[in-house]
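Below are the chains, spelled out letter by letter.
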Amino acid sequence: MATSAWDLCVLGAGPAGYAATMRAHDLGMPVAQTALLWAVVAATSTVLAVPLSAHSDRVGRVPLLTIGWVLHAALFVVLGWTSDVALMWPAAVLLGVYMAATEGSERALIADLVPQQRLGTAYGWYYLAKGLLLLPASAVFGWLWVTSGATAAFMLAASFVALATLALVVWVLPAVRHLTGASEKAKDLFIGGSSMGGLISLRLAEQYPDKIAGGVHSQSGAFLKSAGGAGFAETVQPDALK
């Protein structure tokens, strides 16, 4: 079944699930079934979004993203080469798994890497870059589909996903490990000072209870300790701090 340029505009305007529905339509699946196919992608993603995002809290963002992106690339290879429309149904389920595993983890990774006071700016740049790259990526994908066929378009897309996965492992993973190691060391750290430095120490201990064990103001004897993420203040004698 022929795919029009207008169809390809729709194809390039959304996530990978749209590509699966357009590929299914291209292979001869009726329109009513392609709508149901997209519903399978969306339902799978919705059901698994919370458990898989929570799993990233336990195993880490990068491992789950790596698995998700590898799955994404593999599915695009299958979508490019298959001529069996029946394969679209398991592919739709797996695409939903990929979306659930990566969408929450990507945003959580930004929060892991960026200081809290700059988080809004970081998310702004993230969505700006994503939006700016979507249009040329969609245009190239659609042009390649029309001129060289669906296989060439999906192979190119799979190649870019593979390169992104490689960059994630080579560049991002070491940064995450560095920050995680520094955070673990800081959890046993007490900071302190006198006068303004002591006040700043107390403030930092209050603001980052998961990263700093406590703060001490040596002149007043004020001592703020983090306990299980909840800070509590007490006053000790200055001599006890020596």
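Residues numbered from 1 in each chain as written. Predicted model: local features only at pLDDT ≥ 70, side-chain atom pairs only at ≥ 80, totals over all residues. Heavy atoms only, no water.

Asker: Is there a simple way to think about the overall build of the protein chain in this case?
Answerer: Of the regular secondary structure elements, the protein chain holds eight helices and four strands. If you list the helices and strands of the protein chain from N to C, you get α-α-α-α-α-α-α-β-α-β-β-β. Across the 242 residues that make up the protein chain, the buried fraction comes to 35%. Contacts in the protein chain between residues at least 24 apart in sequence constitute 58% of all its contacts with a sequence separation of at least 6. (Helix = DSSP H or I, 4+ residues; strand = E, 2+ residues; numbered from the N terminus. Buried < 20%, exposed > 50% of the residue type's maximum accessible area, 1.4 Å probe, protein only. Contact = heavy atoms within 4.5 Å.)

Asker: What should I look at first to understand the packing of helix α4 (residues 61-81) against helix α5 (residues 88-113) in this one?
Answerer: For any two helices packed against each other, one specifies the crossing angle of their axes together with the interaxial distance. Between α4 and α5, whose axes approach to 8 Å, the crossing angle comes to 145°. As α4 runs across α5, the sense of the crossing is left-handed. (Axes fitted to C-alpha atoms, helices over the stretch in contact; angles between N-to-C directions. Left-handed = near helix turned anticlockwise from the far one by under 90°.)

Asker: Sorry if this is basic, but what is going on with α5 here?
Answerer: Turn by turn, an α-helix covers 3.6 residues, leaving residues three or four places apart pointing in a common direction. End to end, α5 covers 37 Å across 26 residues, agreeing with the expected 38 Å (1.5 Å per residue, within 8%). E106 marks the point of greatest bend in α5, at about 25°. (Expected span 1.5 Å × (residues − 1). Bend = angle between axes of the 7 residues up to and from the residue.)

Asker: Hey, could you run me through the packing of aromatic side chains in this one?
Answerer: Given two aromatic rings, one states the distance between the centres and the angle between the planes to describe the pair. In the structure shown here, the tally under the stated rule is five aromatic pairs. Their ring planes at 75° and their centres at 4.9 Å tell us that Y126 and Y127 sit as a pair that is edge-to-face. In this structure Y127 comes out as partly exposed when scored by relative accessible area, which is 43%. Both rings, one in F141 and one in W145, keep their centres 6.0 Å apart while their planes meet at 70°; by these two values the pair is edge-to-face. Of this pair, F141 and W145 both sit in helix α6 (residues 119-148), four residues apart, which is roughly one turn of that helix. Here the aromatic residues F76, F141, W145 and F154 are joined through ring pairs into a cluster of three or more. (Phe/Tyr/Trp six-rings, centres within 6.5 Å; stacked < 30°, edge-to-face > 60°.)

Asker: Could you clarify how one ought to interpret the packing of helix α3 (residues 31-59) against α5 in this entry?
Answerer: Interaxial distance between α3 and α5 falls to 6 Å at its minimum, and their mutual angle equals 35°. As α3 runs across α5, the sense of the crossing is right-handed. Touching Q33, L36, L37, V40, V41, T44, S45, L48, A49, L52, S53 and S56 of α3 are M88, W89, A92, V93, L95, G96, V97, M99, A100, A101, G104 and S105, all from α5. Taken together, the residues of the contact of α3 with α5 break down into 16 nonpolar, eight polar and no charged. (Nonpolar A, V, L, I, M, F, W, Y, C, P; charged D, E, K, R; others polar.)

Asker: Teacher, can you tell me more about a nonpolar patch on the surface here?
Answerer: A contiguous nonpolar patch, built from V140, L156, F160, L163, L166, V169, V170 and W171 and spanning about 800 Å² of accessible area, is present on the exposed surface. It is helix α7 (residues 150-186) that provides the largest number of residues to the nonpolar patch, a total of seven residues. Along the chain, V140 turns up in helix α6. Classification of V140 by relative accessible area gives partly exposed; the value is 40%. (Patch = residues over 30% accessible without salt bridge, like charges linked within 9 Å, V, L, I, M, F, W, Y side chains within 5 Å. Areas by Shrake-Rupley, 256 points an atom, 1.4 Å probe, with all protein chains shown as cover. Salt bridge = Lys/Arg side-chain N within 4 Å of Asp/Glu carboxyl O.)

Asker: Help me out: how do you make sense of the side chain of T102 in this one?
Answerer: Its place among the elements puts T102 in helix α5. Within the structure, T102 has its side chain in polar contact with the backbone oxygen of Y98 (distance 2.8 Å). Beyond its immediate chain neighbours, meaning those up to four positions away, T102 contacts L65, G68 and W69. (Polar contact = N/O pair within 3.5 Å; in protein donor to acceptor, adjacent residues only side chain to side chain.)

Asker: Is there a simple way to explain the confidence of the model for the protein chain in this structure?
Answerer: The predicted coordinates of low-pLDDT regions are not to be read in fine detail. Taken residue by residue, the protein chain gives an average pLDDT of 74. The fraction at 70 or more is 65%. Note on residues 1-14: pLDDT is under 50 here. Beyond four places in sequence and across chains, it has 23 contacts. Taken together, the stretch residues 181-199 has pLDDT below 50 and engages in 36 contacts with residues farther than four places along the chain or on a different chain. (pLDDT = per-residue confidence, 0-100.)

Asker: How should the pattern of salt bridges be read in this particular structure?
Answerer: Opposite charge on two side chains permits them to pair, given that their charged atoms come into close proximity. Applying the stated rule across the entire model yields three salt bridges. For D57, the salt bridge goes to R61, with nearest N and O atoms at 2.5 Å. Taking relative accessible area as the criterion, R61 reaches 15% and is therefore assigned buried.

Asker: Explanation requested: the nonpolar core in the structure shown.
Answerer: General note: in soluble globular proteins, nonpolar side chains tend to be found buried as a group. By size, the foremost hydrophobic cluster in this structure holds 33 residues, and its most contacted members are F76, L79, L95, W145 and F154. The set of elements that each furnish at least two residues to this core consists of α2 (16-26), α3, α4, α5, α6 and α7. Looking at which element gives the most residues to this core, the answer is α7, with nine residues. (Core = buried A, V, L, I, M, F, W, Y, C linked by side-chain atoms within 4.5 Å.)

Asker: Can you walk me through the environment of V40 in this structure?
Answerer: With respect to the helices and strands, the residue V40 is situated in helix α3. Sequence-wise, V40 and P90 are 50 residues apart; in three dimensions their C-alpha atoms are separated by 9.5 Å. Discounting residues that sit within four places of it in the chain, V40 has contacts with W89, A92 and V93.

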